[in-house]
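The chain contents come next:
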Amino acid sequence: MWALLSLAVGSFGIGMTEFVVMGLLPNIAVDLLPSLWATRSEDAIAQAGWLISLYALGVVVGAPTIAGAVAKYPRQRVMIGLALALTVFNALTFLAPTFEWVAASRFLAGLPHGAYFGIGALVAADVLGPGMRAKGVAFVLTGLTVANVVGVPLGTYLGQQVGWRAAFMVVAAIFAAATILIASFVPERPGDPSRTMRAELKVFRIGQVWLALGVGAIGFGGFFAVYSYIAPLVTEVAGSPEWVVPIVLVVMGLGMTVGNLVGGHLADVDLKRTLVGGLIGLAVVLALLAVTAEWIWALGFFVFATGFVASALSPTIQTRLMDVAQDNQSIAAALNHSALNIGNSLGAFLGGVVIAAGWGFLAPAWVGVALAGAGLVLALASIAAERRRSLVMV
């Protein structure tokens, strides 16, 4: 149990560093883009949203390359190295003097993200044993979801009060603690010397892997289209003061925490139904959020529902990817986070595009509906192709 908790501390730090930016976009824009903020605040917020996309791009690049390169090494040592890298790169965000340097540090901070979750999920699955893989994945992800209940709201509040950089100083300290805990409690798990980068990259020859990645990259992007711009939704659309933003983030985090645990259970019971039902639910909830967000109580309710449904999908998508990846488990577990962060980047980018186009802060929710619907189409195509192949084999 201490091993899993140690991994969860690191995932708590990842959840905080990934999502705290979203609640602090206006503060970052004011500090790093003062001229643009003075002339057109919407454009400044949209440009600050690039920091979300760059972090996500780092995850996309780092997850397969790092996971493939380290698959043959002992897993405990790999996890220590990843936690240490996360410590250093988040400290750079705290110290970076300009928007360009902050942008570079966010890309670097994203590089170890996917490999940390991917290899950590394999360690957790080994600890819990057969038949509980989705629960193991969900346990490691619990740190990320709890971060959205505690770390992100507190980091947002701290950043609003004393400057956004303070949030990243806290994040770096959390990763330093995770490094020590992993070194102390995570058991040594040998790597597989036969798993070279070339062997791991064979996963891309599997068509079902591409479909599973598409579900995560496109369908999950609907969640990020809304979450990336939660601060202006609260202040500009619902007309609430800035101090309400951390409260709404707590509500989102509660939904994510409950959804993650429920999703891990449901995925072990019936993965395909959980996947399809989750994508339908995400599209419906985002549409309802878009038409009711002017009332803060309705915004809070549907923010909770959005977090719940999206986080129920997360262990489901990862387990699906591990199911179809055959013996390429290390890179498959990490690739899930590449896919989800393509969704992060895509959702944040498209949300920023519609805002900059003058369509308002509700427009990203409708972008989210479209992305969730596209993910559903891919999920159904994947399941249908698998069913056809089973019939042919019979």
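In case you missed it, the structure is sitting above this.
Residues numbered from 1 in each chain as written. Predicted model: local features only at pLDDT ≥ 70, side-chain atom pairs only at ≥ 80, totals over all residues. Heavy atoms only, no water.

Trainee: How should the overall build of the protein be read in this particular structure?
Mentor: Secondary structure summary: the protein contains 19 helices and 0 strands in total. What you see for the protein is a C-alpha radius of gyration of 20 Å, in line with the 21 Å of a compact globule of 394 residues. Referenced to the eigenvectors of the C-alpha coordinate spread, the extents of the protein come out at roughly 60 × 45 × 35 Å. Considering the protein as a whole, with its 394 residues, one finds that 60% of them fall into the buried category. (Helix = DSSP H or I, 4+ residues; strand = E, 2+ residues; numbered from the N terminus. Rg over C-alpha atoms; globule rule 2.2 N^0.38 Å. Buried < 20%, exposed > 50% of the residue type's maximum accessible area, 1.4 Å probe, protein only.)

Trainee: Would you explain the nonpolar core in this entry?
Mentor: As a rule of thumb, nonpolar side chains are buried together in soluble globular proteins. Membership of the largest hydrophobic core comes to 101 residues, with the highest contact counts inside it found for Tyr-116, Tyr-227 and Leu-289. Leaving out residues up to four positions away in the same chain, Tyr-227 has contacts with Phe-19, Met-22, Asn-148, Val-152, Leu-249, Met-252 and Met-256. Core analysis: the second largest hydrophobic core is formed by 13 residues, Ile-206, Ala-212, Ala-217 and Leu-321 among them. (Core = buried A, V, L, I, M, F, W, Y, C linked by side-chain atoms within 4.5 Å. Contact = heavy atoms within 4.5 Å.)

Trainee: Looking at this structure, how should I read the pattern of salt bridges?
Mentor: If charged atoms from side chains of opposite charge come close, those side chains can pair. All chains considered together, the criterion is met by 4 salt bridges. For the salt bridge of Arg-273 with Asp-270, the shortest nitrogen-to-oxygen distance reads 3.5 Å. In this structure, the salt-bridge partner of Lys-272 is Glu-386, at a minimum N-O distance of 2.6 Å. Of this pair, Lys-272 sits in helix H16 (residues 271–292) while Glu-386 sits in helix H19 (residues 363–393), placing them 114 residues apart in sequence. Note on Lys-272: relative accessible area 35%, which makes it partly exposed. Ionic contacts of the salt-bridge type, sharing partners, join the residues Lys-272, Arg-320 and Glu-386 into one network. (Salt bridge = Lys/Arg side-chain N within 4 Å of Asp/Glu carboxyl O.)

Trainee: It is not clear to me how the side chain of Gln-208 should be interpreted in this structure. Could you clarify?
Mentor: The residue Gln-208 is located in helix H12 (residues 207–219) in this model. Among the polar contacts listed, one links the side chain of Gln-208 to the side chain of Ser-382, at a separation of 2.4 Å. (Polar contact = N/O pair within 3.5 Å; in protein donor to acceptor, adjacent residues only side chain to side chain.)

Trainee: So what exactly am I meant to see when it comes to the packing of aromatic side chains here?
Mentor: Each aromatic ring pair is summarised here by two numbers: the centre-to-centre distance and the angle between the ring planes. Counted according to the given criterion, the structure contains 11 aromatic pairs. Taking the centre distance of 5.1 Å and the plane angle of 65 degrees together, the rings of Phe-223 and Phe-224 count as edge-to-face. There is no split in this pair, since Phe-223 and Phe-224 are both buried. In textbook terms, an aromatic cluster arises when at least three aromatic residues are bridged by ring pairs, as seen for Phe-19, Phe-220, Phe-223, Phe-224 and Tyr-227. (Phe/Tyr/Trp six-rings, centres within 6.5 Å; stacked < 30°, edge-to-face > 60°.)

Trainee: Would you explain the packing of helix H1 (residues 2–23) against helix H5 (residues 50–70) in this entry?
Mentor: Two quantities define a packed helix pair, namely the angle between the axes and the distance from one axis to the other. Running from N to C, H1 and H5 point in directions that differ by 155 degrees, and their axes come no closer than 8 Å. Judged by the inter-axis angle, H1 sits roughly antiparallel to H5. Note that H1 runs across H5; the crossing there is left-handed. From H1, Ile-14, Thr-17, Glu-18, Val-21 and Met-22 reach across to H5, where they touch Leu-51, Ile-52 and Tyr-55. Residues that form the contact of H1 with H5 fall into these classes: 6 nonpolar, 1 polar and 1 charged. (Axes fitted to C-alpha atoms, helices over the stretch in contact; angles between N-to-C directions. Parallel < 35°, antiparallel > 145°, perpendicular 65-115°, else oblique. Left-handed = near helix turned anticlockwise from the far one by under 90°. Nonpolar A, V, L, I, M, F, W, Y, C, P; charged D, E, K, R; others polar.)

Trainee: Where do I start with a nonpolar patch on the surface in this structure?
Mentor: A surface patch of nonpolar side chains, about 350 Å² in accessible area, is lined by Leu-254, Val-258, Val-262, Leu-266 and Phe-304. Along the chain, Val-258 turns up in helix H15 (residues 244–269). (Patch = residues over 30% accessible without salt bridge, like charges linked within 9 Å, V, L, I, M, F, W, Y side chains within 5 Å. Areas by Shrake-Rupley, 256 points an atom, 1.4 Å probe, with all protein chains shown as cover.)

Trainee: What's the story with the environment of Thr-292 in this structure? I'm lost.
Mentor: Assignment of secondary structure puts Thr-292 in helix H16. Separated by 54 residues in the primary sequence, Thr-292 and Ala-238 have C-alpha atoms spaced 9.3 Å apart.

Trainee: Please explain the environment of Ala-29 as it appears in this structure.
Mentor: Structurally, Ala-29 can be placed in helix H2 (residues 25–32). Put simply, Ala-29 and Ala-334 are 305 residues apart on the chain and 32 Å apart in space, counted from C-alpha to C-alpha.

Trainee: Can you help me understand the side chain of Arg-165 in this one?
Mentor: Following the sequence through the fold, Arg-165 ends up in helix H10 (residues 165–185). Asp-31 provides the closest opposite charge to the buried, unpaired Arg-165, separated from it by 4.1 Å. Setting aside residues up to four positions removed in sequence, Arg-165 forms contacts with Asp-31, Leu-32, Thr-93, Phe-94, Leu-95, Ala-96, Pro-97 and Val-102. (Lys, Arg positive; Asp, Glu negative; His and termini not counted.)

Trainee: Sorry if this is basic, but what is going on with H10 here?
Mentor: Think of an α-helix as turning once every 3.6 residues; residues three or four places apart then point the same way. Between its first and last C-alpha atoms H10 spans 31 Å; for 21 residues at 1.5 Å apiece the expected length is 30 Å, and the two agree. Listed in full, the buried residues belonging to H10 are Arg-165, Ala-166, Ala-167, Phe-168, Val-171, Ala-172, Ile-174, Phe-175, Ala-178, Thr-179 and Ile-182. (Expected span 1.5 Å × (residues − 1).)

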